[in-house]
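A closer look at the structure
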Amino acid sequence: MNTAAEHIRVENLTMAYGDFVIQKDLDFSVRRGDVFIIMGGSGCGKSTLLKIMIGLKAPSTGEVYYEGDPFWASGLEHQEELKREFGILFQSGALFSSMTLAENIGLPMQLYTDMDPAEIRENAGLKLALVGLRGFEDYYPNEISGGMKKRAGLARALALDPEILFFDEPSAGLDPISSRLLDELILELRDALGKTIVVVTHELASIFTIGDDCVFLDPDTKTMIAHGNPKKLRDESPNETVRNFLLRGELEAQKEKRGQTG
Amino acid sequence: MTAVEENNAARCRCESQDGRIRVTIGGDWLLGGPVPSVHQFESVLQSSPDTPLLLQADGLGRWDTSLIAFLGKLIDRPDGTPRTFDASSMPEGVQGLLRLAFAVGERSGARRTERREGLLTRIGKASIQSLDRAREGLAFLGSATMAFGKFLVGRARYQRSELLLLIQETGANAFGIVSLISFLVGMILAFVGAVQLAQFGAGIYVANLVGLAMAREMGAMMTAIIMAGRTGAAFAAQLGTMRVNEEIDALSSMGIDPMEFLVVPRMLALMVMMPLLALYANFMGMLGGMVVGVGMLDLGVFEYVEQTRRSVSLTQINIGVIKAVVFGVLVAVAGCLRGMQCGNSSQAVGMAATSAVVTSIVLIIVVDGLFAVVLNVLGL
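The notes below deal with the structure included here. Note that the structure is predicted; figures quoted are calculated from it, not measured.

**So, the overall build of chain A**
For chain A, the count of helices and strands is 10 helices and 10 strands. The globule rule puts the C-alpha radius of gyration for 262 residues at 18 Å, and the 19 Å found for chain A is close to it. Here chain A, with 262 residues, has 41% of them falling under the buried criterion. For chain A, long-range pairs separated by at least 24 residues make up 63% of all intrachain contacts whose partners lie at least 6 apart in sequence.

**Some thoughts on the overall build of chain B**
Across its full length, chain B carries 12 helices and 4 strands. Relative to the globule expectation of 21 Å for 380 residues, the C-alpha radius of gyration of chain B, 35 Å, shows a markedly less compact shape. Over its C-alpha atoms, taken along the principal directions, chain B stretches across nearly 105 × 60 × 45 Å. For chain B, the residues scored as buried account for 36% of the 380 residues in total.

**So, the sheet that holds strand β2 (residues 20-31) of chain A**
All names here are of chain A. Strand order in the open sheet formed by 4 strands is β2-β1-β4-β5, and the pairing between neighbours is antiparallel. Looking at the sheet topology across the chains shown, the edges are occupied by β2 and β5 (69-70). Pairing analysis gives 8 bridges linking strand β1 (residues 6-17) to β2, with the strands arranged antiparallel. Within β2, the position partnered with Met15 by the bridge is Gln23. Here helix α1 (residues 46-53) sits on the sheet and contacts β1, β2 and β4 (61-66); the angle it forms with β1, its principal contact strand, is near 120°.

**Some thoughts on the environment of B:Thr24**
Residues and elements named next belong to chain B. Note that Thr24 resides in strand β2 (residues 20-29). For Thr24, a count of 16 C-beta atoms within 10 Å corresponds to the partly exposed category. Taking the C-alpha atoms as reference points, Thr24 and Leu60, separated by 36 residues in sequence, lie 9.3 Å from one another. With residues near it in sequence (within four places) discarded, Thr24 still touches Arg13, Gln56 and Asp58.

**Concerning the interface of chain A and chain B**
Interfaces are often sized by the accessible area lost when the parts come together. With 15 residues of chain A at the contact, the number on the chain B side is 11 residues. Every element with two or more residues in the side of chain A that touches chain B is listed here: α2 (76-83), β6 (86-89) and α3 (101-112) of chain A. Its residues assigned to classes, the side of chain A that touches chain B comprises 9 nonpolar, 3 polar and 3 charged.

**Some remarks on the packing of helix α7 (residues 206-244) of chain B against helix α11 (residues 314-340) of chain B**
Residues and elements named next belong to chain B. It is at 7 Å that the axes of α7 and α11 come closest, and there the two elements cross at 15°. Looking at the two axes, α7 sits roughly parallel to α11. In terms of crossing hand, the pair formed by α7 and α11 is right-handed. Of the residues in the contact of α7 with α11, the class split is 19 nonpolar, 10 polar and 4 charged.

**Topic: the nonpolar core**
Counting 143 residues, the largest nonpolar core has A:Phe166 and B:Ala224 as its most contacted members. In terms of residue count, α7(B) provides more of this core than any other element does, 20 residues in total. Those residues in contact with A:Phe166 that sit more than four places away from it in its chain are A:Leu50, A:Met53, A:Ile54, A:Phe86, A:Ile88 and A:Val198. Among the nonpolar cores identified, the runner-up in size contains 20 residues, and B:Ile21, B:Trp63, B:Leu74 and B:Leu97 belong to it.

Rules and cut-offs
- Residues numbered from 1 in each chain as written.
- Chains lettered and ligands numbered in written order.
- Predicted model: local features only at pLDDT ≥ 70, side-chain atom pairs only at ≥ 80, totals over all residues.
- Helix = DSSP H or I, 4+ residues; strand = E, 2+ residues; numbered from the N terminus.
- Rg over C-alpha atoms; globule rule 2.2 N^0.38 Å.
- Buried ≥ 20, exposed ≤ 12 C-beta atoms within 10 Å, placed from the backbone.
- Contact = placed C-beta atoms within 7 Å.
- Pairing = 2+ DSSP bridges.
- Axes fitted to C-alpha atoms, helices over the stretch in contact; angles between N-to-C directions.
- Nonpolar A, V, L, I, M, F, W, Y, C, P; charged D, E, K, R; others polar.
- Parallel < 35°, antiparallel > 145°, perpendicular 65-115°, else oblique.
- Left-handed = near helix turned anticlockwise from the far one by under 90°.
- Core = buried A, V, L, I, M, F, W, Y, C linked by C-beta atoms within 7 Å.

Here's what the structure looks like:
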């Protein structure tokens, strides 16, 4: 693997709530400019891993490195600096409901840049246009649909032109068309802006459309049991659990059928 | 057999035969309808837990999941594993549903059985929990103080427009309810006093009573209790919803401290508006007292005002105002604390709001008691 292009590295990470270990011994790295997928069945700790990577929850042991810079070993101020390079799209969008879309997107700019209000508004409008919401500056989050909220959330994640984008289950609750449009948007962001993108999802369609690289977290063995390109894993992985997951349970169903007829 | 039986109630027979238990089902099996109880077959089933069941239908009418539930209870052995059964002569649908119901074995440990814990265990757990809560409260107070310190040196990140909105919401919009309540409290105090004082011909001292009571105690306390119900609950619900909606996570991930951004403006709004509202409540209470004094005791308006002015010193007013600031902080802290502690469901938001009101009212009364002791020692 080309270590020069390595952007994020997760090393020897264990996460637990109290004494209850969710995942242990996680070791992987994310290359710059890749769409990296964290996948696994429900309850395997995908979202918790994301929370650790974006600095919302401390790991029990282990470290996350951003360009070789350890996150959790750093002081609060340095953590904040690192966080400024993250753009995060939460599962529900997590837009501030008391603010309009333009204000939502403008908030980080207002806090972290010297832009004047007019510039902020202009830039917020541009970010909205990027996600296909031109003209929606003055709408409140409760006035738009779920898919639009996700896209507005993405516009906010893009506000400070971050280096890394994190997506928590981007297609959850979206219809197939909107979810596909979002996938296309993710790919365009990667290609046009060269962002590194980390996505937590279990939607097979998106995994194969957008994923360059992935890890599979297994709730039974409580660790990652596969790492690589999702299509390759589907066709070549030696691990049956992984292939079965990527084939939507077809393997097991086939086996059952054979068992019944044979 | 006639096509329509007169009484097509659900029936079931169980008998041992050729090393199997034959279960014959008939009649209508419908949810809410009369269904035979499993208990009457227990003796047959429990005596031979390893005997397979042969399920047969005889004149089975309409049926729904009540039949499946009944058969399931027959099939389940006391240790939780199913016994073998042959349902091949049952209708197709029944077979399918039975297959589904027993396809996946029970996950060990998944079922939640109620276990009564001993008194000591429960007391211990409750103490540990309340200790944890107290620690959380202190930690919150600590970080709120630090955030407030940051605000004082001008380094806190918050939105001025939001602060102004909060001030309007907590202050100006509470005007009506504060006017009404404090006016009535003043009247009530005057009524109680008037009846007693009039007996001694000392009716004019109603002015002293109302004036002192409002300035020292009731003005600040009534305003604080109104604020606890009105604003404290609103803070808890707002922050709780923001937590459920991941908005607080979004803030922290942008590197914005929710303490600075959400809690400090709320504390400030209440700290600024509470004393003003309490002063206004004092005035309204005294006005209410005057209405009673003038109306019931035939005192003159000028006389009443003059008596109030003489009895209520500036110290008394100041005590009320200082209390109001402290109560404002208490209400804001309790509301924000409960909101930030909120769990991850709509029910938790409701509980946060309730608990915010209860916490702030308890704190207000306790702190008011402390004030009384301290002021007594100071001789004020």
